[in-house]
Each structure stands twice: as structure tokens, then as C-alpha cells.
Amino acid sequence: MDLYEKAERLKRVPPYLFREIDRKKVEMRQRGVDIIDLGIGDPDLPTPAHIIAAIKEAAEDPITHRYPSYSGLSDFKLAVANWYQERFGVELDPSTEVLCLIGSKEGIAHFPLAFINPGDVALVPTPAYPVYHTATLFAGGQSFYMPLLRQNNFLPDLDRIPSGIASRSRIMFINYPNNPTAAVADLGFFDRVVEFSKAHQIIVCHDAAYTEMAFDGYRPPSFLAAKGAKQVGIEFHSLSKTYNMTGWRIGFAVGNGNAIEGLGAIKSNVDSGVFQAIQRAGIVALRGDQSCVRETIAVYRERRDLMVRGLKEAGFEVESPKATFYLWVKAPEGYTSAQLTARLLEDAGLVVTPGNGFGEHGEGYFRIALTQEKERIAEALDRLTSMNL
Ligand SMILES: Cc1ncc(COP(=O)(O)O)c(C=O)c1O
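Because the structure is predicted, anything quoted here is derived from the model rather than measured. (Residues numbered from 1 in each chain as written. Predicted model: local features only at pLDDT ≥ 70, side-chain atom pairs only at ≥ 80, totals over all residues. Heavy atoms only, no water.)

Enquirer: Mind showing me how you'd approach the overall build of the chain here?
Expert: Across its full length, the chain carries 14 helices and twelve strands. The C-alpha radius of gyration of the chain comes to 21 Å, within 12% of the 21 Å expected for a compact globule of 389 residues. The buried share of the chain, reckoned over its 389 residues, is 55%. In the chain, of all internal contacts separated by at least 6 residues, the share reaching a separation of at least 24 is 75%. Counting every atom, the chain has about 17500 Å² of accessible surface; 51% of that belongs to carbon and sulfur. In the chain, the 42 positive side-chain charges and the 47 negative ones have mean positions that sit 2 Å from each other. (Helix = DSSP H or I, 4+ residues; strand = E, 2+ residues; numbered from the N terminus. Rg over C-alpha atoms; globule rule 2.2 N^0.38 Å. Buried < 20%, exposed > 50% of the residue type's maximum accessible area, 1.4 Å probe, protein only. Contact = heavy atoms within 4.5 Å. Areas by Shrake-Rupley, 256 points an atom, 1.4 Å probe, with all protein chains shown as cover. Lys, Arg positive; Asp, Glu negative; His and termini not counted. Charge placed at Lys NZ, Arg CZ, Asp CG, Glu CD.)

This is the structure in C-alpha cells:
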């Protein structure tokens, strides 16, 4: 065997479909092409000033330089519990039902290690954030894919999950507001998920990273607000998008105490928590004035309206999303996702994400991230329109 032969789990990770785009993007930039990158789900806006001031102050305090507690500062967990009560009407015990994470990705990636045995099944949406599947794989489990189809408003059809699969499933991943489709779910859907998970003894993992990125007065609900949800589920949340803090690496998991305990047990063997100065800044973010969030949303809304109008005028099929900073756009007739994204890059210097990169049922779509200034979005639209697709 080769010295650096990869482990089977790594060999089974699906090919990274964005690699070719990344390579081309770099190569074109080197040639001096003006690339407009609408591919990345990473806010271009800065973290609000009062949060930056809080980390500066906290970093001066030597107490923050030591190992943090594994589960998070009690004040951080209390701030999360209070925020959940105020924002979602969900009651949480900060000592047993809240866990600080190094970003929600970290928690999602570790969760299956606590509850999946080799051969167990996780119910995973397609298209979806790729971590649900790879985390399942790393735990030795198998994904059963739940298609998110437009005719079902991009919600999984629970009636189509075979009973033989449901009986072998330990976890179901869901994510609303959704990346990449930008779909939203109401409490009625969450009620059905609770019912399903109780009937089949499945832990629900709701990825709620985008609940605060919603427009026109719409307030996405927490899964935990559904009746009985806390008995069966856990919710992953993040400060990344809400407060433009993707690089800071802070998020949290909330919900069922046994689920939190299992995840915490894995984590205490892997990492040693989040820098306390970041947690203190997180407390300021959650407790402080939320007008910064409203300002961020106003910026995305303007970009959304501009892009959606322009795309429709250019003949694309797209809906104006109620939440997230993504647009999920149908590729024109005659193009696969990959063919279209390659053409947009080569002929117009535009980077968008091919839908099939999020799984089989993303084929035929592409995702636009509204993480560029208005002027660049207008320029991107000019280029798109002149392509005559
Ligand atoms: C659906 C979804 N979940 C989770 C994350 C991870 O966010 P973070 O680890 O920054 O909290 C992302 C990031 O893009 C995402 O799109």
C-alpha cells in the first residue's frame, strides 16, 4: 500500500465539483479578466463596529486567553437562550440545551459521530449543503436522499421515504430557509417532521443558519417552535450570516438535552471550545441593538430586487426569495448546470454555482449569491443580457 493511501472514508467523499471552476477563475484572473464572483455564500459586508469593539476589549483581558469551557461560557449560553425566547418563543435551559460551536458547520459535521453506527442511515436532502452527506459518511453511515422538488416547494416529501429506510434511519437533516434553493418552511411542515420522527424514532437536525436573513417582514420560524420538537430534535445556528461573522467561527446548537450531550461528548474529544473573546463578542451581538441586522437585510433586498428583475427581463426563470441571500435560477433550455456555469465564466467572466454541485436534484439550476455590491450586480446583469442565452 502507498504510504499516503487515503482512508476509505475520504475516498468515498464525492468529487468537488467546484474545483474546475476555481481553477478557471484563478487562471482567468491571472490573464487580467475582470471576474464577478457570485458563487460564494460569504457576506461581503463587514462585521458591525460594536461587535468588533467588544472583541478588542475582551482580547485585552488575560482571562480570555485560557482554555474556554467545552460547552461554552455560561453567559454566552444564557445570551443564546434569551435570544431564542425573544426571537422564536422557544424556551431553552442554557446549561443543558445550548452548546457553543466553532461555527455551525463544525457542529453539523460532528453530530453524526455521536449517533450514527456503521450501516445506519441519515435522511439527507438533495440539493443541499454538502456537509450533511460527508458527515454521515465519516461516521460510517449511508445517506438516503430526499429530493427537494420545485412542485413541492423544495420541501422533502416524507410520504415517499420507504418504511424500510425510515426504520434504519437515525438522523434527518433539514435546512430552512434553505441553501441552495432559498425555499422557506412554515410551522405546519415542522409539525409533520416531528410527527414523522416520533413515529420512526429519528433525530431531527435542523440547520437554521439563515433564519435572520429574511425580507419584507417575513420571520422564519425555529423548528423548535413546533409542538414536541424539543423531544426529537436539535437546531444548528450561526452568527456567521446574521452579523457578517463568517471568519470568526462561532455558532451554537440548541434543543434536546440528550442530543446536545452526545455532540458535546464528541467535541470534548476533538476541540477545546471557542476563544472566549469571540464568545464575549457573540454575547454583545445577540444582546445588542439589532438594527445592524436590519441594515444588512436592506442591502441584500436591494440587490435581490435588482438581480431578480434583471434576470426575469433576460428571460430566466427565477423566484424572488423570501429569505437567504441566494437566488436559485433555472438554467435555460439546452444547458446542463455545468455547461451553463462554464459558459458564463468563459464568455462573461461571471462565477455562479452549478446546481448539481449540491446533489443530483440540483441539476438544471444554478445558484447566485448576492454577495457583491449593487454596481457589480448591475454589471453582471449587463454581461448576462448581452450573451443572448
Ligand atoms: C446551509 C448552511 N449551513 C451551515 C453553514 C455553515 O455556517 P458556519 O459554519 O459559518 O456557521 C453554511 C455556510 O455557508 C450553510 O450555507
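Enquirer: Would you mind showing me how to read the nonpolar core here?
Expert: General note: in soluble globular proteins, nonpolar side chains tend to be found buried as a group. Of all hydrophobic cores here, the largest spans 91 residues; its most connected members are Tyr84, Met172, Phe223, Tyr243, Leu311 and Ile368. The residues contacting tyrosine 84, other than those within four sequence positions of it, are Gly89, Val90, Leu92, Ser222, Leu224, Glu235, His237, Phe252 and Val254. Listed in part, the 22 residues of the second largest apolar core include Ile108, Ile116, Phe173 and Ile260. (Core = buried A, V, L, I, M, F, W, Y, C linked by side-chain atoms within 4.5 Å.)

Enquirer: Mind showing me how you'd approach the site of the ligand here?
Expert: Lining the immediate environment of the ligand, one finds 14 residues, of which Asp207, Ser238, Ser240, Lys241 and Arg249 sit closest. Within the backbone of lysine 105, one N or O atom sits 2.9 Å away from an oxygen atom of the ligand. In this structure, an oxygen atom belonging to the ligand sits 2.8 Å away from a side-chain N or O atom of asparagine 179. (Near = heavy atom within 4 Å. Polar contact = N/O pair within 3.5 Å; in protein donor to acceptor, adjacent residues only side chain to side chain.)

Enquirer: Would you mind showing me how to read the pattern of salt bridges here?
Expert: One side chain can pair with another of opposite charge once the charged atoms of both are near each other. Scanning the entire structure with this criterion turns up 20 salt bridges. One salt bridge in this structure joins aspartate 34 and arginine 383, with 2.8 Å as the shortest N-O distance. With aspartate 34 in the loop between helix H2 (19-30) and strand E1 (36-37) and arginine 383 in helix H14 (residues 374-385), this pair connects stretches of sequence that are 349 residues apart. Judged by relative accessible area, which is 40%, aspartate 34 ranks as partly exposed. (Salt bridge = Lys/Arg side-chain N within 4 Å of Asp/Glu carboxyl O.)

Enquirer: Quick question: what am I supposed to make of unusual backbone geometry here?
Expert: Leave glycine aside and you will find that most residues have negative phi; peptide bonds, for their part, are mostly trans. With omega at -10°, the peptide bond leading from tyrosine 176 into proline 177 counts as cis. Positionally, proline 177 belongs in the loop between strand E5 (169-175) and helix H8 (187-200). The backbone of glutamine 201 shows a phi angle near 55°, a positive value even though the residue is not glycine. Notably, aspartate 216 is not glycine yet its phi reads approximately 55°, a positive angle. Secondary-structure assignment places aspartate 216 in the loop between strand E6 (203-207) and helix H9 (229-232).

Enquirer: How should the pairing of strand E2 (residues 98-101) be read in this particular structure?
Expert: Both faces of the sheet carry side chains from a regular strand, because those side chains alternate between them. Side chains of E2 alternate between two faces, with Val98 and Cys100 and Leu99 and Leu101 buried alike. As paired elements, E2 and strand E8 (residues 251-255) share four bridges and run antiparallel to each other. Bridging across to E8, leucine 101 finds its partner in glycine 251. (Pairing = 2+ DSSP bridges.)

Enquirer: How do you make sense of the sheet that holds strand E12 (residues 365-369) when you look at a structure like this?
Expert: Strand order in the open sheet formed by three strands is E9-E12-E11, and the pairing between neighbours is antiparallel. The open sheet has two edge strands with one neighbour each: strand E9 (326-330) and strand E11 (353-354).

Enquirer: Would you explain the side chain of glutamine 276 in this entry?
Expert: If you trace the backbone, glutamine 276 turns up in helix H11 (residues 276-287). Among the polar contacts made by the side chain of glutamine 276, one reaches the main-chain carbonyl oxygen of arginine 66 at a distance of 3.2 Å. Residues in contact with glutamine 276, not counting those within four places in the same chain, are Ile63, Thr64, Arg66, Tyr67, Pro68 and Leu73.

Enquirer: Looking at this model, I keep getting lost on the packing of aromatic side chains. Mind explaining?
Expert: Counting across every chain of the model gives 21 aromatic pairs. Each ring, one from tyrosine 84 and one from phenylalanine 88, has its centre 4.8 Å from the other, and the planes form 50°; the classification is tilted. With a gap of four residues between them, tyrosine 84 and phenylalanine 88 both fall in helix H4 (residues 74-88), about one helical turn apart. Between tyrosine 176 and phenylalanine 189 the ring centres are 5.6 Å apart and the planes differ by 75°, which places this aromatic pair in the edge-to-face class. Of the two residues, tyrosine 176 sits in the loop between E5 and H8 while phenylalanine 189 sits in helix H8, which places them 13 residues apart along the sequence. (Phe/Tyr/Trp six-rings, centres within 6.5 Å; stacked < 30°, edge-to-face > 60°.)

Enquirer: Just to check I follow, could you spell out the packing of helix H12 (residues 291-313) against H14 for this structure?
Expert: Geometrically, a packed helix pair is captured by the angle between its two axes and the distance between the axes. At a minimum axis separation of 10 Å, H12 and H14 run at an interaxial angle of 10°. Between H12 and H14, the interaxial angle falls into the category roughly parallel. Every residue of H14 that contacts H12 at Glu302, Arg303, Leu306, Met307, Gly310 and Leu311 is listed here: Lys374, Ile377, Ala378, Leu381 and Leu384. Grouping the constituent residues of the contact of H12 with H14 by class yields seven nonpolar, one polar and three charged. (Axes fitted to C-alpha atoms, helices over the stretch in contact; angles between N-to-C directions. Parallel < 35°, antiparallel > 145°, perpendicular 65-115°, else oblique. Nonpolar A, V, L, I, M, F, W, Y, C, P; charged D, E, K, R; others polar.)

Structural measurements only, silent on function.
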